Amino acid sequence: MQSVIAIEGLGIAFEQGGVRTEVLRGLDLKIAPGEFVAIVGPSGVGKSTLLRVLIGLATPSAGTVRLNPDVKADRAMALVFQDSRLLPWRRILSNVCFGLEKTQLTRLERRERALAALAGVGLRDVAARFPHQLSGGQRQRVALARALAVRPAILLMDEPFSALDVQTREALQDELIRVQSASGQTVLFVTHDIDEAVYLADRVVALGGRPGEVKISLDINVPHPRRRDDVALRHSAAQIRDVLFAETIVREDWVI
Amino acid sequence: MRGATPYLLAAIGLALFLGVWEAVPRLGLLPPTLLPAPSQLPAAFLREVKSGIWGDSVLFSLWHYAIGLACGTACGIVLGIATGMYRPFDWALAWIVRVLRPIPGLAWVPFAILWFGIDQTAAVFIIAIGCFWIVFFAAQGAIRGVDRDLIEVAEAFGFKSGPEKLVKVLFPAALPGMLVGVRTALGQAWMAVVASELFGVSGLGQRMQQASSLLATDIVVVYMLTMAALYGLVDTAFVFLQSRLLAWKA
Ligand SMILES: Nc1ncnc2c1ncn2[C@@H]1O[C@H](COP(=O)(O)OP(=O)(O)O)[C@@H](O)[C@H]1O
Ligand SMILES: [Mg+2]
């Protein structure tokens, strides 16, 4: 099947005070339509930087990113940040409309689409509130709705649940799976939590080393709904840990 | 316990103040021309109102105030945003700002008269200068202080040009800071009103000047209180507007 996005030989480097630091090197990644890919790796390996490059907030130093022109979508990508980053002066509905204001849609169409997106994450009834009136979990749901509302070819998520408490996090993980299987949304999900990655994704790509490289890419062939203690999932998680473990000896900022 | 207490204490404080004020001229500690007793004021106020001078002065001053404040604030916000957003623009203006900034509004009076004559425009000009700097620095600081993370949200959703970022994130995020500056300017502008009218443009300042040269100090006090009342009114209205605009704040 044709992939939605093809990343080839991607390298990312920063120059600071004449010193050049390579963050990522030679990254190849293809994502199929409707696929849920998770990227794991210790903090500082360049996961966020990769997403920033994909969404256009930073430029790569090498390689190409090609989007399949046949894929029908209003925007190439939309990003959900770790902290919800809702605009505090906008009501929830207006926050969800935000990305739609870049489109040709009329005010009414935007409103309807935003309401549908909010309903999709079960938050229609808070449409008129301000972000500070919501819980952390609700805010993150709204951030998800804001991203989904623009109907992106690929939904990018940068550790979206890592700031939440365990119960809320697990609830949102299940919610994401539900939304994703219902819509067939292609997702690129970044996390430092290996268990989260194997629980959610169809494929887990582990980054490690400095500069960061793909250490292992593992298909998770367990149908949803999954059990968190599923033996196959535990086995995959252990496999990823083993591969990344070699890094722990030389890296002190290991967080898993 | 709390309920009425603050109001009661405020009333007692005010009554004591008025009492001492009344006592000083009455006991002959100061002659009434140097300090008019508060009980003289209502009569003086009525005289001024009946002659129509009070109403005219208030209208003239409010007019200077409103136009000067609007011009100064608008220029301050526009230039503050521009220098806040674009470093090269800020660098280009840096030394001009450094030279002009310390010159007080009153120092512009000679030029205001030369350029505009003894005319309302001159008063408006002086008031506008007073407001401009306050709002300019407030707006510049507020724009620079906008959370980078929120600007990134705009960029991530495709709002990449300066104007787009300004409308979608920078302006609304900087609004609270800018309004603080505008509120300070609101007070500053009243001081400028008096100053700008002292050299002969009609208004409260001019009337105060006339009254004081005639040693009609009761009338001077009437206009001082008038100005305090007008400022109180404007400031209250502004705070109300501010709370409506910033209803999203926790
Ligand atoms: N703008 C930048 N300039 C210089 N170095 C940067 C910049 N952005 C990120 N980095 C560096 O890139 C590395 C990867 O960061 P990041 O992508 O945030 O890691 P992760 O998301 O995997 O925790 C870090 O070492 C960080 O210091
Ligand atoms: Mg990160």
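Residues numbered from 1 in each chain as written. Chains lettered and ligands numbered in written order. Predicted model: local features only at pLDDT ≥ 70, side-chain atom pairs only at ≥ 80, totals over all residues. Heavy atoms only, no water.

Visitor: Honestly, the side chain of D218(B) in this entry has me stumped. Any pointers?
Guide: Mapping D218(B) onto the fold places it in helix α10 (residues 217-245). Sequence-distant contacts of D218(B), defined by excluding residues within four places in its chain, comprise P36(B), Q40(B), L41(B), A44(B) and R47(B). (Helix = DSSP H or I, 4+ residues; strand = E, 2+ residues; numbered from the N terminus. Contact = heavy atoms within 4.5 Å.)

Visitor: Help me understand helix α5 (residues 166-183) of chain A in this model?
Guide: An α-helical turn contains 3.6 residues, so any two residues separated by three or four positions project in the same direction. All names here are of chain A. Under the 1.5 Å per step criterion, the end-to-end length of α5 is 26 Å for 18 residues, consistent within 8% with the ideal 26 Å. Every buried residue of α5 is accounted for by L172, Q173, E175, L176, I177, V179 and Q180. Of the surrounding elements, those touching the buried residues of α5 are β3 (36-40), α3 (107-120), α4 (136-149), β6 (152-158), β7 (186-191) and α6 (194-200). (Expected span 1.5 Å × (residues − 1). Buried < 20%, exposed > 50% of the residue type's maximum accessible area, 1.4 Å probe, protein only.)

Visitor: How should the pattern of salt bridges be read in this particular structure?
Guide: Side chains carrying opposite charge are able to pair once their charged atoms draw close together. Enumeration according to the criterion identifies 26 salt bridges over all chains in this entry. R85(A) is paired through a salt bridge with E152(B); the nearest N and O atoms lie 3.0 Å apart. One end of the pair, R85(A), is in the loop between β5 (75-80) and α2 (92-97); the other, E152(B), is in helix α7 (residues 148-156), on a second chain. Each member of the pair, R85(A) as well as E152(B), carries the same accessibility label: buried. Two residues, R178(A) and E175(A), come together in a salt bridge whose shortest N-O distance is 3.0 Å. Linking R178(A) with E175(A), this pair stays in helix α5, spanning three residues, or about one helical turn. Here R178(A) falls in the partly exposed class, since its relative accessible area comes to 46%. Here E175(A) falls in the buried class, since its relative accessible area comes to 11%. Among the ionic contacts, a cluster of salt bridges with common partners joins R52(A), D83(A), R85(A), D149(B) and E152(B). (Salt bridge = Lys/Arg side-chain N within 4 Å of Asp/Glu carboxyl O.)

Visitor: In this structure, what is going on with the site of ligand 1? I would like to understand it.
Guide: All names here are of chain A. Ligand 1 sits among F14, Q16, V23, P42, S43, G44, V45, G46, K47, S48 and T49. The contact in question runs from an oxygen atom of ligand 1 to an N or O atom on the backbone of V45, over 3.3 Å. A distance of 2.8 Å separates an oxygen atom of ligand 1 from a polar atom in the backbone of K47. Taken by itself ligand 1 offers 570 Å² of open surface, and the protein chains cover 61% of this. Breaking the shell around ligand 1 down by element, the ones donating at least two residues are β1 (5-16) and α1 (47-55). For the shell around ligand 1, the element with the most residues is α1, which contributes three residues. (Near = heavy atom within 4 Å. Polar contact = N/O pair within 3.5 Å; in protein donor to acceptor, adjacent residues only side chain to side chain. Areas by Shrake-Rupley, 256 points an atom, 1.4 Å probe, with all protein chains shown as cover.)

Visitor: Got a minute to help me understand the nonpolar core in this structure?
Guide: Core analysis: the biggest nonpolar cluster contains 132 residues, and L188(A) and I240(A) have the highest contact counts within it. Looking at this core element by element, the count peaks at 14 residues for helix α8 (residues 162-197) of chain B. Counting residues domain by domain, this core receives three or more from each of domain 1 (1-72 + 154-256) and domain 2 (74-150) of chain A. Ignoring any residue separated from it by four or fewer positions in sequence, one finds I240(A) in contact with V40(A), I194(A), V198(A), V204(A), A206(A), I216(A) and L218(A). (Core = buried A, V, L, I, M, F, W, Y, C linked by side-chain atoms within 4.5 Å. Domains from an automatic or database assignment.)

Visitor: What am I meant to see in the side chain of E175(A) here?
Guide: One polar contact links E175(A) to R178(A), side chain to side chain, over a distance of 3.0 Å. With near-sequence residues (within four places) excluded, E175(A) lies in contact with G120(A), V121(A), G122(A) and R141(A).

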